[in-house]
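Analysis of the macromolecular model
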Amino acid sequence: MYKICVFAGTTEGRRIIDYLTEQENTFVAASVATEYGEELIEHKSNLHIYSGRMTEQEMENLLDEGFDLTIDATHPYAGEVTENIVSACEKKNCEYLRVLRDSVGAGENAWFFSDIESLVKFLSEHEGKVLLTTGSKDISRYREIKGFQERVWARVLPMEESISACKEAGLAPSHIIAMQGPFSTEMNVAMLKSIGADFLVTKDGGTSGGFKEKVEAVESQRKKLLVIGRPEEREGMTVPETIALLEGKFGFKERREIIIAGIGPGSEDLMTREVRASIEAADLIIGAKRMLENCVPGKHFFEAVKPEEIADYIEEHHEYKNVLVLMSGDTGFYSGTKKLLPLLTKYSVKVLPGLSSLSVLASRLGMSYEDITSISLHGRDASIKKHVERNKKLFVLTGGENTPEKICEDLTTAGLGHVKVYIGERLSYPEEKITIGEARELKDGEYNKLSAMIIENKEGKKLYAPGLPDDAFKRLDGIPMTKSEVRAISLSKLKLAEDSICWDIGAGTGSVSIEMALNANAGKVYALERKKEACMLAEENKENFNLGNLEIIEGTAPDICEELPAPTHVFIGGSSGKLREIIEIALEKNPSVRIVATAITLESIAELKECMEAYFFDDTEVISVTVARDKKAGDYHIMTGQNPIYIFTMQKR
């Protein structure tokens, strides 16, 4: 049986107690300063609560019972109490652990004071009404404020002891706000407005103490936040760090249920029964604002969509045992679930599916979706043209700059204005709307940014084979271009995947970059070219192919490569004498990068051969290619040979 003593009275203390009382073979003794503090703790069979402020001697008497660990989770401003706990632990040879409260930025309108006396002096010298939120314990010390009875309102706990302290200090009942938090930003704003307060006085209570909401309220109303700075604290741990230590020290485990649920398009009618039951059972629900609006009241809600923010909140709030994260649509269909799950590996997580917008839109149209290809343009940069050309039916999730009208405009500009488009707006809601027409007919309309689309192209399945004809690209004298046959072989050696991240060094007309982007349609291609006129030409060719996943960058490699993401594939068509440096930085960013380089001069061939040996590549290949093209000579055709080209392939395993 483990015995642990917790000095609490704070949110952090209650979280630690709640965690400890879940453990088997564990007894917890909790000390709180007030009866109200005792009421906030759930009573359990393996918990004994001592209510009332303890002297150092009383703490020593408690520790005489023999504890494996004493946890100090008292308020950061209760310095004297902490010193008494430390002294009692030293005398009774009991291990001591301090739990720290996080600190939050105070904003631009904050003034800091080292103690109450300096704050009182400041307020006596400045006119304005004051909302005091530092509790009732030191209320009498604020009586020295000039005009105290008329200017000051105190927000305290709804306890007889607190209210009596305010009255004894001289505050009228109308200037006493007896309420239990937590207080939202909106509630703080409402109180500031009702009082007409110019100042809000607080301590730095951290996130759990509602400090962030006070800062936001003061900032929004352009009032002054007067903060009594924290006293210097002993070294300690945050609540998550404390729980991690307890798990390692005693083998404790946290019992929490985390569910990630797809709510479908949004309305309650299309939620599964399993998801609705999870909403009813949860004590914490996390999701976007529009999702939380449909949930039952009386729960604790946290508005968030970023996976990191969701995971951090779950980690910081162990008091919630049944956590539900809501995702729009289906959890397995372009859902944030994919990014969130790896952040929650320490927990047991259950994933519940929901109706996808694809299945809902297809059902509304009486259309089978087994032959539909799906893409998402929500927050993504991608070429719609190539997807429509390659597929007879394409489902698109819109969002950001990629609105339905812009997609229709892009299709029309790309010569695909004739394709049939179905736009589903606000699916499952009363204002649901489905619009059908050709892209060129719908491009001038206005639609909800977060819509679902199905695009039908009866002429779909047009695929790009490596080595497009040279006349597919616009050319200018003096700007080199990798010819069709060499391009086809180079692309075959690169072995691109759909999601490859590519660099094209010395892009010239952009012919290789464009074919890279066509093949790696879910990836990204960065075309580097030092000549301005070549960049302009490459941009024209890019626009002709309508490639959103290709970026033309004017600059010299390897300098500009520092700013680029790690490549999976690199093509080097021209290095301007910086071949070694380019290969070095590519390997630094990705040791397993696949590199294909072409050379026609003896000097470049020799340098590539040296690099191949110097960097200890595992997979290497060198081929020499000579291409001859037919040329008409009178009534006959003769073959005219072009310069031989060497193609080097290099990669480490």
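Scroll up for the structure.
In short, a report on the structure. (Residues numbered from 1 in each chain as written. Predicted model: local features only at pLDDT ≥ 70, side-chain atom pairs only at ≥ 80, totals over all residues. Heavy atoms only, no water.)

Attention shifts here to unusual backbone geometry. For the bond from Ala557 to Pro558, the omega torsion is 10°, close enough to zero to count as cis. By the element assignment, Pro558 lies in the loop between strand E24 (550–554) and strand E25 (569–572). Phi at Asn93 is positive, roughly 55°, even though this residue is not glycine. Along the chain, Asn93 turns up in the loop between helix H4 (79–91) and strand E5 (96–98). (Helix = DSSP H or I, 4+ residues; strand = E, 2+ residues; numbered from the N terminus.)

A few words on helix H17 (residues 404–413). Looking only at H17, the buried set comprises Pro404, Glu405, Ile407, Cys408 and Leu411. All buried residues of H17 lie within an arc of 160° about the axis, which places them on one face of the element. Where H17 is buried, its residues meet helix H16 (384–390), strand E18 (393–397), strand E19 (420–425), helix H18 (439–442) and strand E21 (452–456). Gly415 sits one or two positions beyond H17 and adopts a positive phi of about 85°. (Buried < 20%, exposed > 50% of the residue type's maximum accessible area, 1.4 Å probe, protein only. Arc of directions from axis to C-beta. Contact = heavy atoms within 4.5 Å.)

Each disulfide consists of a covalent bond between the sulfur atoms of two cysteine residues. Under the defined criterion, the tally for this structure stands at zero disulfides. As a non-bridged cysteine, Cys5 has Cys94 as the owner of its nearest cysteine sulfur, 7.3 Å distant. Cys5 sits in the buried class, given a relative accessible area of 0%. (Disulfide = S-S within 2.5 Å.)

Now for the nonpolar core. If you look at the biggest cluster of nonpolar residues, it comprises 29 residues, and the most contacted ones within it are Trp503, Ile505, Leu528, Ile572 and Ile583. Listing elements by their share of this core, those giving two or more residues are strand E22 (501–505), strand E23 (524–529), E25, helix H22 (579–589), strand E26 (594–599), helix H23 (602–614) and strand E30 (645–651). In terms of residues, this core owes the most to one element, H22, which gives six residues. Those residues in contact with Ile572, other than ones at most four positions away along the chain, are Ile505, Leu579, Ile582, Ile583, Ile595, Val596, Ala597 and Thr598. (Core = buried A, V, L, I, M, F, W, Y, C linked by side-chain atoms within 4.5 Å.)

Attention now goes to the packing of helix H8 (residues 185–195) against helix H9 (residues 211–221). At a minimum axis distance of 8 Å, the contact between H8 and H9 shows a crossing angle of 50°. In this view, H8 runs oblique relative to H9, as classed from their interaxial angle. For the crossing formed where H8 meets H9, the hand is right-handed. Taking contact as the criterion, the partners of Thr185, Asn188, Val189, Leu192 and Lys193 in H8 are, on H9, Glu213, Lys214, Glu216, Ala217, Val218, Ser220 and Gln221. For the contact of H8 with H9, the per-class residue count stands at four nonpolar, four polar and four charged. (Axes fitted to C-alpha atoms, helices over the stretch in contact; angles between N-to-C directions. Parallel < 35°, antiparallel > 145°, perpendicular 65-115°, else oblique. Left-handed = near helix turned anticlockwise from the far one by under 90°. Nonpolar A, V, L, I, M, F, W, Y, C, P; charged D, E, K, R; others polar.)

The next thing to look at is the environment of Val6. For Val6, the position within the fold is in strand E1 (residues 2–7). Exposure remark for Val6: the relative accessible area of 0% places this residue in the buried category. For the pair Val6 and Thr74, spaced 68 residues apart in the sequence, the C-alpha separation amounts to 9.0 Å. Other than its neighbours up to four places away in sequence, Val6 contacts Gly13, Ile16, Ile17, Leu20, Val28, Ala29, Ala30, Ser31 and Ile71.

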